[in-house]
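# Coordinates in review
For reference, the chains in residue letters:
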Amino acid sequence: MTGSRDPEAIFLEQLGQRVRTMRALRGMSRKVLAKVSGLSERYIAQLESGKGNVSIVLLRRVSNAVAAHLEDLIPSTEPASDWAVLRDLLRKATPQQIAQVKDVLAGGSTSAHRQMSFAGIALIGLRGAGKSTLGKILAKKIGWSFVELNKEIEQQNGLSVAEIIALYGQEGFRRMEQAALGHLLARKELMVLATGGDIVSEPLTFDLILSSFYTIWLKAKPEEHMARVRRQGDLRPMADDRSAMAELRNILASREPLYARASAMVDTAGLTVDAGAARLIDAVAPVLHNEQRR
């Protein structure tokens, strides 16, 4: 029976699932995570399978004993002395209250503000979904500019994405990604934006995408994603990984709930480029109609 299971074993399983999901959201294989973290690939596998270091369980016992949250025992870089109060208030808040707080912290206060910030159409989805190929066709058809966010990041910083990550890490890249998006929005011109596949793993940046663009999730079958990426000659993060398809499925499964937050979804599975473009153009018709009326 589930009720008689060891609560610490359940905790470790949940921890492992959280680690596995976070890794997939960022598009990292176990091999890459092991290299970046300095831990062995074997340890990462044990952690994800719910067999992590027992010291984690001991730390949880201490947090339970002092009636504190586990994160309260971990040194934090948060400068705000009221962080614990804010966190607990947010845990008790209604969805409407949380939405109001987000709006205030983002510098807005009304839905009219969000409407004024409309910047165009953003395409999200896993690599190989057709964001660049179909995005260019859509932009040409409707007369808007086409922008690839990763190329914008490279242009603004004078470095390739790979070089940025190697020099500044994922955190540094995310800061540059958010800055590049801010510069694009400051132009105040309508565009079709192709985003990186893992942009959904950065909550603030993804929320800015959702609130500023009509967002469309381009979706395909895992096998098609893999085939298209291989044809492009880009196997990141699946290079030298014998379980590449399993990793790809894990990445897609972890990101699907976030991709599903898009305003619309266009399934390109089994479609030619022309057929996929036609379906995408149909999907944005309501947006174009509204813009013409403004």
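In the block above lies the structure referred to throughout.
This write-up is about the structure you can find in this document. Here the structure is a predicted model, which means the values were calculated and not measured.

Definitions and limits used
Residues numbered from 1 in each chain as written. Predicted model: local features only at pLDDT ≥ 70, side-chain atom pairs only at ≥ 80, totals over all residues. Heavy atoms only, no water. Helix = DSSP H or I, 4+ residues; strand = E, 2+ residues; numbered from the N terminus. Buried < 20%, exposed > 50% of the residue type's maximum accessible area, 1.4 Å probe, protein only. Lys, Arg positive; Asp, Glu negative; His and termini not counted. Salt bridge = Lys/Arg side-chain N within 4 Å of Asp/Glu carboxyl O. Polar contact = N/O pair within 3.5 Å; in protein donor to acceptor, adjacent residues only side chain to side chain. Contact = heavy atoms within 4.5 Å. Pairing = 2+ DSSP bridges. Axes fitted to C-alpha atoms, helices over the stretch in contact; angles between N-to-C directions.

### Here we look at the side chain of lysine 131
Structurally, lysine 131 is set in helix 8 (residues 131-142). Although lysine 131 is buried, it makes no salt bridge; aspartate 198 carries the closest opposite charge, 7.6 Å away. Within polar-contact distance, the side chain of lysine 131 engages the backbone oxygen of glycine 125 at 2.7 Å. If we ignore the near neighbours within four places in the chain, the residues touching lysine 131 are Leu123, Ile124, Gly125, Leu126, Phe146, Ala194, Thr195, Gly196, Gly197 and Leu218.

### As for helix 11 (residues 203-212)
Listed as buried for helix 11 are Thr205, Phe206, Ile209, Leu210 and Ser212. In this structure, the buried residues of helix 11 make contact with strand 1 (120-124), helix 10 (161-186), strand 3 (191-194), strand 4 (213-219) and helix 13 (244-259).

### Description of the sheet that holds strand 2 (residues 145-148)
The parallel open sheet is built from 5 strands, whose spatial order is 2-3-1-4-5. The sheet is open, and its two edges are formed by strand 2 and strand 5 (264-267), each paired on a single side. Neighbour-to-neighbour, the strand axes of this sheet turn through a mean angle of 25 degrees, independent of strand direction. In this fold helix 10 packs onto strand 2, strand 3 and strand 4, with an angle of close to 170 degrees to the strand it touches most, strand 3. Along the sheet face, helix 11 touches strand 1, strand 3 and strand 4 and points at about 110 degrees away from the line of strand 4.

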